[in-house]
Amino acid sequence: MRSPFPSFLNNNKILHFKICIILFMNCATYRTNLCFTKCFGEPTGDPPIQSSSKLLSSLETISLDGHFSFKNNQAAAKDFGKRYHMLPLAVLHPHSVRDISITLKHIFQMGSGTELTVAARGHGHSLQGQAQALRGVVINMESLKEPAMQVHSGNLPWVDVPGGELWINILHETLKHGLTPKSWTDYLHLSVGGTLSNAGISGQAFRHGPQISNVHQLEVVTGKGEVITCSAQQNADLFYSVLGGLGQFGIITRARISLESAPKMVKWIRTLYSDFAVFSKDQEHLISTKYSFDYIEGFVLINRTGILNNWRSSFDPNDPVQASQFVSDRATLYCLEMAMYFNSEETETMNKKVEKLLSQLSYIPATLFQSEVPYVEFLDRVHISEKKLREKGLWEVPHPWMNLMIPRSKIHDFAAEVFDKILSDSTNGPILIYPVNKSKWNNKTSVVTPDEEIFYLVGFLFSALPTSTGKQSLENILAQNQIILDYCVRDLPGCTQYLPHYSSQDEWQAHFGNKWRVLMERKSAYDPLSILAPGQRIFQKATPVQHLVSKTNHKTSILEEENAKMI
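Conventions and cut-offs
Residues numbered from 1 in each chain as written. Predicted model: local features only at pLDDT ≥ 70, side-chain atom pairs only at ≥ 80, totals over all residues. Heavy atoms only, no water. UniProt positions renumbered as here; feature names shortened; annotations may be inferred. Helix = DSSP H or I, 4+ residues; strand = E, 2+ residues; numbered from the N terminus. Contact = heavy atoms within 4.5 Å. Areas by Shrake-Rupley, 256 points an atom, 1.4 Å probe, with all protein chains shown as cover. Axes fitted to C-alpha atoms, helices over the stretch in contact; angles between N-to-C directions. Parallel < 35°, antiparallel > 145°, perpendicular 65-115°, else oblique. Left-handed = near helix turned anticlockwise from the far one by under 90°. Nonpolar A, V, L, I, M, F, W, Y, C, P; charged D, E, K, R; others polar. Expected span 1.5 Å × (residues − 1). Buried < 20%, exposed > 50% of the residue type's maximum accessible area, 1.4 Å probe, protein only. Pairing = 2+ DSSP bridges. Core = buried A, V, L, I, M, F, W, Y, C linked by side-chain atoms within 4.5 Å. Domains from an automatic or database assignment. Phe/Tyr/Trp six-rings, centres within 6.5 Å; stacked < 30°, edge-to-face > 60°. Lys NZ or Arg CZ within 6 Å of the ring centre and 35° of its normal. Salt bridge = Lys/Arg side-chain N within 4 Å of Asp/Glu carboxyl O. Disulfide = S-S within 2.5 Å.

The chain has the name cytokinin dehydrogenase in an unreviewed UniProt entry, where Cucurbita moschata is given as its organism. Comment text from UniProt for the chain, heading Sequence similarities (unreviewed entry), reads "Belongs to the oxygen-dependent FAD-linked oxidoreductase family." The record held by UniProt for the chain lists under Catalytic activity (unreviewed entry) the comment "N(6)-dimethylallyladenine + A + H2O = 3-methyl-2-butenal + adenine + AH2".

Structure below.
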């Protein structure tokens with residue numbers, strides 16, 4: 001999202017002008033390299049500093065426990081977004097953390113004269129090439145399986161996992177010990193390193209915070225090749241840098257995840273609303289109640305093409321009779337989804353809790369659906385839908401997804417403009433919307449969130465068939481996304497992107513706001529040659545970060561002196 005400059009810059013017009021000049025000079029000095037291609041091959045532009053043959057020969061000299069692959073690496077140039085295709089020079093299949101460390105040390109020692117960059121790739125679910133490295137090295141993190149996953153039981157249980165491990169595998173392993181992670185994403189076939197580099201959000205975040213709020217310890221390989229163990233007590237700056245750090249400061253090779261006792265069953269509930277104000281009020285009530293559900297999310301339904309029936313069939317309730325009697329002439333409906341965990345011996349108590357909570361809500365009575373499913377089936381629900389879409393050839397298609405964080409004070413204006421006007425027709429994919437509590441997020445991490453205690457995650461999870469035209473085409477969906485982004489920038493200050501993507505460094509600078517200086521200092525400390533995560537397009541490989549940091553610090557000190565004089 002193209003964000004405006006942070007609001008604190010508006011306090012003094014003269015100061016605002018001077019800061020804008022400084023930001024402009026910084027951006028001109030250090031513009032992001034936006035070189036990418038949408039087909040396999042070399043991009044146009046200046047020739048590489050070193051030839052590919054010399055780079056290959058250099059990589060071949062590295063002694064590894066695993067191995068490099070230098071041919072047939074097209075898979076590493078693809079991701080879930082299906083829009084960016086950047087072919088790497090090599091793919092590293094590490095057998096040990098040493099393989100990753102020695103590779104990064106080798107590239108770091110080559111200095112800024114080499115164009116080589118490194119991207120860590122988990123299960124390949126990035127949306128816009130974030131885990132790709134054009135003419136660089138992609139690390140296949142799923143190859144890193146040692147040491148094996150380790151579960152620790154006790155008063156404060158945890159599990160140690162490799163950075164490339166999938167959350168679904170962690171779930172199955174911890175359940176053997178009667179334990180489970182606390183916070184999830186909606187889709188479990190994602191790598192630990194991938195979600196922790198962003199945040200990791202689902203319907204449990206209102207209570208437990210995102211996944212990055214449930215990590216005890218990390219092992220990280222920095223852009224210099226150093227292997228560092230870090231936590232809130234040990235190497236804390238690196239720990240908080242990496243969490244939500246978009247891969248900019250280090251590669252997560254191991255994580256210690258907090259656990260809790262695992263339930264056996266889930267009471268899964270959905271209701272419908274025709275009024276957004278009532279819907280959001282109920283959502284906010286539930287996330288603010290001490291004894292609430294264990295999971296709370298919501299959906300926006302554009303009800304012009306029989307989507308109510310599609311919603312019913314996708315949920316597969318035990319008794320759909322009442323819903324068949326429900327008729328709405330409104331274009332937009334809102335679905336509140338809730339879940340409560342329980343064990344079989346707790347069924348009666350659980351039902352009483354559910355009944356009490358539902359009595360406090362103002363949903364349309366005829367639309368109440370309740371189902372009881374196993375815990376694993378509930379958590380892995382999106383994978384079940386994935387299998388169906390794969391069978392129909394509807395999974396391996398472009399996914400122009402967009403995720404926003406909207407402050408509570410702006411959510412009603414947002415809904416009125418976006419849901420009722422911009423998205424006035426049926427949409428090709430789900431729209432998620434649910435509130436979370438900022439107090440459950442640690443502000444020391446690299447993640448940027450709105451500055452209000454309650455803010456909403458809004459996810460536009462659209463798909464575009466290659467054969468689609470008109471309003472369902474990829475081009476139209478992207479244009480629609482941009483209209484929404486432009487509206488947020490123009491009329492809703494305080495909004496930000498989750499899984500952010502920008503086309504210029506000044507947009508990244510505006511996104512990070514007052515965290516930008518800290519981010520640059522951390523980049524200088526842990527990845528000074530900008531080797532890591534080039535697909536994020538935040539920093540350019542060729543220019544050492546220290547130069548930019550020192551210039552920024554110098555200009556900031558001058559600015560502070562001038563500001564003091566004005567005061």
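This next bit is on the overall build of the chain. Secondary structure assignment for the chain yields 18 helices and 18 strands. Here the contacts in the chain between residues at least 6 apart in sequence split such that 77% fall between residues at least 24 apart. Here the chain displays about 24,100 Å² of accessible surface, and carbon together with sulfur accounts for 52% of that area.

Counting through the fold element by element, Tyr 291 comes out in the loop between helix H8 (276-288) and strand S12 (295-302). Each C-alpha atom of the pair Tyr 291 and Leu 357 lies 8.8 Å from the other, and the pair is 66 residues apart in sequence.

Close contact between helix H14 (residues 411-422) and helix H15 (residues 474-491) brings their axes to 11 Å; oriented N to C, the two are set at 155°. When the interaxial angle is binned, H14 and H15 end up roughly antiparallel. The hand of the H14/H15 crossing is right-handed. Judged by residue contacts, Asp 413, Phe 414, Glu 417, Val 418 and Ile 422 of H14 engage Gln 480, Ile 483, Ile 484, Tyr 487 and Cys 488 from H15. Each residue belonging to the contact of H14 with H15 can be placed in one class, and the counts come to 7 nonpolar, 1 polar and 2 charged.

Looking now at the packing of H8 against H14. One can describe the packing of H8 onto H14 by two numbers: an axis separation of 11 Å at closest approach and a directional angle of 135°. Comparing their axes, H14 and H8 come out oblique. When you trace H8 past H14, the crossing you get is right-handed. Residues Phe 276, Ala 277 and Ser 280 of H8 form the contact with H14, whose participating residues are Ile 411, His 412, Ala 415 and Phe 419. Split into classes, the residues belonging to the contact of H8 with H14 amount to 5 nonpolar, 2 polar and no charged.

Here we come to helix H3 (residues 97-109). In this model H3 runs 18 Å from its N-terminal to its C-terminal C-alpha over 13 residues, within 8% of the 18 Å that 1.5 Å per residue would give. Within H3, burial applies to Val 97, Asp 99, Ile 100, Ser 101, Thr 103, Leu 104, His 106 and Ile 107. Looking one or two places after H3, you find Gly 111, whose phi comes out positive at around 80°.

The strand order across the open sheet formed by 4 strands is S1-S2-S4-S3, and the pairing between neighbours is mixed. Both edges of this open sheet fall to strand S1 (67-69) and strand S3 (118-121), since each of them pairs with a single strand only. Strand after strand, the sheet turns through a mean of 25° between neighbouring axes, direction not considered. Helix-sheet contacts for H3 involve S1, strand S2 (90-93), S3 and strand S4 (137-140), and the interaxial angle to S2 is about 145°.

This part covers the nonpolar core. Membership of the largest hydrophobic core comes to 60 residues, with the highest contact counts inside it found for Leu 196, Ile 201, Leu 218 and Phe 378. Both domains that meet at this core, namely domain 1 (150-261) and domain 2 (265-497), each give it at least three residues. For Ile 201, the contacting residues outside a window of four places in its chain are Trp 184, Thr 185, Asp 186, Pro 210, Met 405, Tyr 434, Trp 441, Leu 457 and Tyr 498. Of all hydrophobic cores here, the second largest spans 48 residues; its members include Tyr 273, Tyr 334, Val 418 and Cys 495.

Following Glu 146, the chain continues to Pro 147 via a peptide bond in cis, the omega torsion being -5°. Mapped onto the elements of the fold, Pro 147 is located in the loop between S4 and strand S5 (150-152). Phi is positive for Ala 533, close to 50°, though the residue is something other than glycine. For Ala 533, the location among the structural elements is in the loop between helix H17 (516-526) and helix H18 (545-566). Classification of Ala 533 as buried rests on a relative accessible area of 10%.

This structure, assessed with the given rule, holds 23 aromatic pairs. A network of ring pairs unites the aromatic residues Tyr 273, Phe 276, Phe 279, Tyr 334, Phe 414, Phe 419, Phe 460 and Phe 462 as a single cluster. Sitting over the ring of Trp 158, Arg 256 keeps its end group 3.8 Å from the ring centre. We note Arg 537 situated over the ring of Tyr 84; from NZ or CZ to the ring centre the distance is 4.8 Å.

With that settled, the discussion passes to the pattern of salt bridges. Once their charged atoms are close, side chains differing in charge can pair, the charge on each being opposite to the other. Going through the model one piece at a time under the given rule, you end up with 21 salt bridges. Between Arg 270 and Glu 337 there is a salt bridge, with the nearest N and O atoms lying 2.8 Å from each other. Pair noted here: Arg 270 is in strand S11 (residues 265-273) and Glu 337 is in strand S13 (residues 332-342), with a separation of 67 residues, a long-range link. By the burial criterion, Arg 270 is buried, and Glu 337 matches it. One continuous salt-bridge network, built from bridges that share partners, spans Lys 82, Glu 386, Arg 390 and Glu 396.

The subject of this paragraph is the state of the cysteines. In the structure shown here, the tally under the stated rule is 0 disulfides. With no disulfide of its own, Cys 488 has Cys 495 as its nearest cysteine by sulfur position, at a separation of 4.4 Å.

For the rest of this paragraph, the subject is the pairing of strand S8 (residues 215-222). In this sheet, strand S10 (residues 250-261) lies alongside S8 in antiparallel orientation, the contact comprising 7 bridges. Along S10, the bridge assignment pairs Val 221 with Ile 251. Counting the residues that bridge the hairpin from S8 to strand S9 (residues 227-231) gives 4 residues, and of these Gly 225 lies at a positive phi of roughly 90°.

Next up on the list: the sheet that holds strand S15 (residues 402-407). As summarised here, the arrangement of the 8 strands in space is S14-S11-S13-S12-S16-S17-S15-S18, forming an open sheet in which the pairing is antiparallel. The open sheet has two free edges, formed respectively by strand S14 (369-374) and strand S18 (496-498), since each of these has just one partner strand. Ignoring which end each strand starts from, the neighbouring axes of this sheet average 25° apart. Across 6 bridges, S11 lies against S14 in antiparallel orientation. Counted as the bridge partner of Val 266 is Val 373 from S14. Sitting on the sheet, H15 is in contact with S15, strand S17 (454-460) and S18, with an inclination near 20° to S15.

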